[in-house]
4 protein chains.
Amino acid sequence: MSDPLDREHRSDLRVRYAETDQMGVVYHANYLVWCEIGRTDYIRALGRSYAEMEADGITLAVSEATMRFVGSARYDDPIAVYTRLTELRSRAMAFSYRIEHASAGRTLVTASTTLVALDRTGRPARLPDVVLRILRGEARDTASDGPA
Amino acid sequence: MSDPLDREHRSDLRVRYAETDQMGVVYHANYLVWCEIGRTDYIRALGRSYAEMEADGITLAVSEATMRFVGSARYDDPIAVYTRLTELRSRAMAFSYRIEHASAGRTLVTASTTLVALDRTGRPARLPDVVLRILRGEARDTASDGPA
Amino acid sequence: MSDPLDREHRSDLRVRYAETDQMGVVYHANYLVWCEIGRTDYIRALGRSYAEMEADGITLAVSEATMRFVGSARYDDPIAVYTRLTELRSRAMAFSYRIEHASAGRTLVTASTTLVALDRTGRPARLPDVVLRILRGEARDTASDGPA
Amino acid sequence: MSDPLDREHRSDLRVRYAETDQMGVVYHANYLVWCEIGRTDYIRALGRSYAEMEADGITLAVSEATMRFVGSARYDDPIAVYTRLTELRSRAMAFSYRIEHASAGRTLVTASTTLVALDRTGRPARLPDVVLRILRGEARDTASDGPA
């Protein structure tokens, strides 16, 4: 089976007017929002939505983020967010991101985030087995999957 | 007793860089955020925080908003939000706002919003008596107030 | 020729985590951002990007907005924004919006905005003829269109 | 003279409803916005506003950011942002931040950002001497300061 850590998911979006600032470029904090879009798309592509995970009582909280800004994007620019899962533990995971200007192919931002699983009370929790299996690429989640 | 509908509350803030857009002025949707700051400050000034209301199981959802944009503000400008309660019913209330450039005295935006009370399930609900009394200016909320 | 005022453009998006608030639903000001996505998509679909208009020195500033909130959307919900041009004058235009939960078909918000054209100095300006013609549906903008 | 790198500036703010997400806490990207408030307050406290710097044709672009999230804040919580200048070069500077729940004294986030000076064309530029002197704590900026 292919190593899920080799998987890279691409998300596409377009810069919103609201995301620009008076410098005429995307306000830097918005790239963190795009990273989140990248990792939720990554998880959804594996067969389980992040919204479903939250319905199971598990949330993922960002515990660390690092970002390197190397280019700038403007209003209406097409953006590609490439997301990889770089680490997976029972209670935490890490993703890396490369955000590009989709048509020019220029890298805009590289980033990484670490997330920890929390239960409904905000305490660190173990990721559900089904989520771990999915993220490891061992199984796609299906309603008929038996005990999950 | 003075009519609470005559009361006007002033909130002060400063334009954040993140609130500007590439036109070099405040992005229009942010004025709605400032209106919310205005009305929560208005309620807090009467002696009860909006956060406490939510803890009681009542949320206020915006059901209508109208805004008229007559001037523009720039990064770091000092802003004054003047808020009035214009209508109070058992399940709804309306506020009006005048947002000014605080030092120039120019009006930037006038707005009004209607809010409806919802319970934890999202159903329309009656505002707690204590909140109605406070908003009517009949009583300040105090911890020693007895059953509220 | 069909009346451009009959034209309705549909934009699709998905609710971002950043767009929710602690009530568990989309924060109300974000619908104004989605309206902007609707009208820029509307204009782009006619053959001219709003970014190109700004490059010509004309910006469109929102002068009025009214919104009616009738339903709520949650994280990851699919959203459809239906946009119509409801009025077109030489210096102003108005759009109306109906924002729906795309799969449930429930209306979430209806809204309208008026926009005025401004030149680089922030003064009211006449819309470029090419833009007026495009919005009236008389012509698609093309690079080979001759003087525009 | 005291070392400017010892200086710590405190900014105070209150969590806005718009800054929360459906987890009931502050959405993580908003802490980057608060860091910006911290460093612009830091610079303003030295006698020069960041807005004035931009009027001189110099902008500061964030080139790197690292954040560590150790606690969470809720709507209406009072927040203190403690900002330090940790490095100052002719074309770049770095700040560190400690963001606390102001009344509970709990640390919420520690962060650092590196900023580079850009001219109007977006090219790396030297910080104006007056800004370097101010940040080094050698002089307060005054209108009567002579050529700067």
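If you're wondering where the values come from, they're calculated on a predicted model, not measured in any experiment.

1. What to know about the overall build of chain A
Turning to step 1, where the next piece is worked out: Per the secondary structure count, chain A includes three helices and five strands.
Turning to step 2, where the next piece is worked out: Out of the 148 residues belonging to chain A, those deemed buried represent 41%.
Turning to step 3, where the next piece is worked out: In chain A, once contacts between residues fewer than 6 apart in sequence are set aside, the share between residues at least 24 apart is 68%.

2. A closer look at unusual backbone geometry
Residue and element names in this part refer to chain B.
Turning to step 1, where the next piece is worked out: The phi torsion at Asp 76 lies on the positive side, around 75°, for a residue other than glycine.
Turning to step 2, where the next piece is worked out: Following the sequence through the fold, Asp 76 ends up in the loop between β2 (59–69) and β3 (78–88).
Turning to step 3, where the next piece is worked out: Overall, the presence of 17 C-beta atoms within 10 Å leaves Asp 76 in the partly exposed class.

3. Focus on the interface of chain C and chain A
Turning to step 1, where the next piece is worked out: Counting from both sides, the interface comprises 11 residues of chain C and, opposite them, 11 residues of chain A.
Turning to step 2, where the next piece is worked out: Looking at the side of chain C that touches chain A, the elements with two or more residues in it are α1 (30–45) and α2 (50–55) of chain C.
Turning to step 3, where the next piece is worked out: When residues of the side of chain C that touches chain A are assigned to their parent elements, the largest contribution, three residues, is made by α1 of chain C.
Turning to step 4, where the next piece is worked out: Here the residues of the side of chain C that touches chain A are counted per class, giving seven nonpolar, one polar and three charged.

4. Some points on helix α1 (residues 30–45) of chain B
Turning to step 1, where the next piece is worked out: Given a rise of 1.5 Å per residue, 16 residues ought to cover 22 Å, and the 23 Å separating the end C-alpha atoms of α1 of chain B matches this to within 8%.
Turning to step 2, where the next piece is worked out: At the C-terminal side of α1 of chain B, Gly 47 of chain B shows a positive phi close to 115°.

5. Some words on the relation of the copies chain D and chain A
Each of the two copies of the chain can be brought onto the other by a rotation about an axis and a shift along it.
Turning to step 1, where the next piece is worked out: Rotating chain D by 180° about the axis while translating it 0.0 Å along that axis superimposes it on chain A, leaving an RMSD of 0.0 Å. Taken together, the rotation and translation relating the two chain copies correspond to the operation of a two-fold axis. In terms of proximity to the rotation axis, the leading residue of chain D is Thr 66 of chain D, whose C-alpha is 2.1 Å off the axis.
Turning to step 2, where the next piece is worked out: Of the interface residues in chain D, 100% have counterparts in chain A that sit at the interface too, so the contact is made through matching surfaces.

6. Considerations on the relation of the copies chain C and chain A
Turning to step 1, where the next piece is worked out: Rotating chain C by 180° about the axis while translating it 0.0 Å along that axis superimposes it on chain A, leaving an RMSD of 0.0 Å.
Turning to step 2, where the next piece is worked out: Of all interface residues in chain C, 100% are interface residues in chain A too; the two copies therefore contact each other through one and the same surface.

7. Some details on the interface of chain D and chain A
Turning to step 1, where the next piece is worked out: Contacts between chain D and chain A engage 14 residues on the former and 14 residues on the latter.
Turning to step 2, where the next piece is worked out: Residue assignment for the side of chain D that touches chain A shows that the elements contributing at least two residues are α1 (30–45) and β2 (59–69) of chain D.
Turning to step 3, where the next piece is worked out: Broken down by element, the side of chain D that touches chain A gets its largest block of residues, nine residues, from β2 of chain D.
Turning to step 4, where the next piece is worked out: Here the residues of the side of chain D that touches chain A sort into eight nonpolar, four polar and two charged.

8. A few points about the sheet that holds strand β4 (residues 92–101) of chain B
Turning to step 1, where the next piece is worked out: The 10 strands lie next to each other as β1(B)-β3(B)-β4(B)-β5(B)-β2(B)-β2(C)-β5(C)-β4(C)-β3(C)-β1(C), forming an open sheet whose pairing is antiparallel. Edge positions in the sheet fall to β1 (9–14) of chain B together with β1 (9–14) of chain C, since each has one partner strand and no second. For this sheet, the mean angle separating the axes of adjacent strands, direction not counted, is 25°.
Turning to step 2, where the next piece is worked out: As paired elements, strand β4 (residues 92–101) of chain C and strand β5 (residues 107–118) of chain C share nine bridges and run antiparallel to each other.

9. Describing the environment of Tyr 82 of chain A
Turning to step 1, where the next piece is worked out: You can see Tyr 82 of chain A is positioned in strand β3 (residues 78–88).
Turning to step 2, where the next piece is worked out: Remark: the alpha-carbon pair of Tyr 82 of chain A and Asp 12 of chain A, spanning 70 residues in sequence, is separated by 9.0 Å.

10. Digging into the pairing of β2 of chain D
Turning to step 1, where the next piece is worked out: Summarising the sheet, strand β2 (residues 59–69) of chain A and β2 of chain D pair through five bridges and their orientation is antiparallel. Each bridged residue has a counterpart across the sheet, and for Arg 68 of chain A the counterpart in β2 of chain D is Glu 64 of chain D.
Turning to step 2, where the next piece is worked out: Pairing analysis gives 10 bridges linking β2 of chain D to strand β5 (residues 107–118) of chain D, with the strands arranged antiparallel. Considered in β5 of chain D, the bridge of Thr 59 of chain D is made with Leu 118 of chain D.

11. Observations regarding the environment of Glu 64 of chain A
Turning to step 1, where the next piece is worked out: Mapped onto the elements of the fold, Glu 64 of chain A is located in strand β2.
Turning to step 2, where the next piece is worked out: Not counting chain neighbours up to four residues away, the residues in contact with Glu 64 of chain A comprise Thr 113 and Thr 114 of chain A together with Met 67, Arg 68 and Phe 69 of chain D.

12. So, the sheet that holds strand β1 (residues 9–14) of chain D
Turning to step 1, where the next piece is worked out: Read across the sheet, 10 strands follow the order β1(A)-β3(A)-β4(A)-β5(A)-β2(A)-β2(D)-β5(D)-β4(D)-β3(D)-β1(D) without closing on themselves; strand pairing throughout is antiparallel. The open sheet has two free edges, formed respectively by β1 (9–14) of chain A together with β1 of chain D, since each of these has just one partner strand. Each strand axis lies, on average, 25° off the axis of its neighbour in the sheet, ignoring direction.
Turning to step 2, where the next piece is worked out: Strand contacts of helix α1 (residues 30–45) of chain A: β1, β2, β3, β4 (92–101) and β5 (107–118) of chain A, with the helix running at about 135° to β1 of chain A, the strand carrying the most contacts.

13. Brief notes about the confidence of the model for chain A
Parts of the model with low pLDDT should not have their predicted coordinates read in detail.
Residue and element names in this part refer to chain A.
Turning to step 1, where the next piece is worked out: When pLDDT is averaged along chain A, the result is 88, and 89% of the positions lie at 70 or above.
Turning to step 2, where the next piece is worked out: Taken together, the stretch residues 141–148 has pLDDT below 50 and engages in six contacts with residues farther than four places along the chain or on a different chain.
Turning to step 3, where the next piece is worked out: Under the prediction, the complex receives an ipTM of 0.88, its pTM being 0.90.

14. Remarks on the environment of Gly 105 of chain B
Residue and element names in this part refer to chain B.
Turning to step 1, where the next piece is worked out: Within the secondary structure, Gly 105 sits in the loop between β4 and β5 (107–118).
Turning to step 2, where the next piece is worked out: Judged by the 8 C-beta atoms lying within 10 Å of it, Gly 105 is exposed.
Turning to step 3, where the next piece is worked out: When the C-alpha atoms of Gly 105 and Gly 137 are compared, they prove to be 29 Å apart, with 32 residues separating the residues in sequence.

The rules behind these values
- Residues numbered from 1 in each chain as written.
- Chains lettered and ligands numbered in written order.
- Predicted model: local features only at pLDDT ≥ 70, side-chain atom pairs only at ≥ 80, totals over all residues.
- Helix = DSSP H or I, 4+ residues; strand = E, 2+ residues; numbered from the N terminus.
- Buried ≥ 20, exposed ≤ 12 C-beta atoms within 10 Å, placed from the backbone.
- Contact = placed C-beta atoms within 7 Å.
- Nonpolar A, V, L, I, M, F, W, Y, C, P; charged D, E, K, R; others polar.
- Expected span 1.5 Å × (residues − 1).
- Least-squares fit on C-alpha atoms with pLDDT ≥ 70 in both.
- Pairing = 2+ DSSP bridges.
- Axes fitted to C-alpha atoms, helices over the stretch in contact; angles between N-to-C directions.
- pLDDT = per-residue confidence, 0-100.

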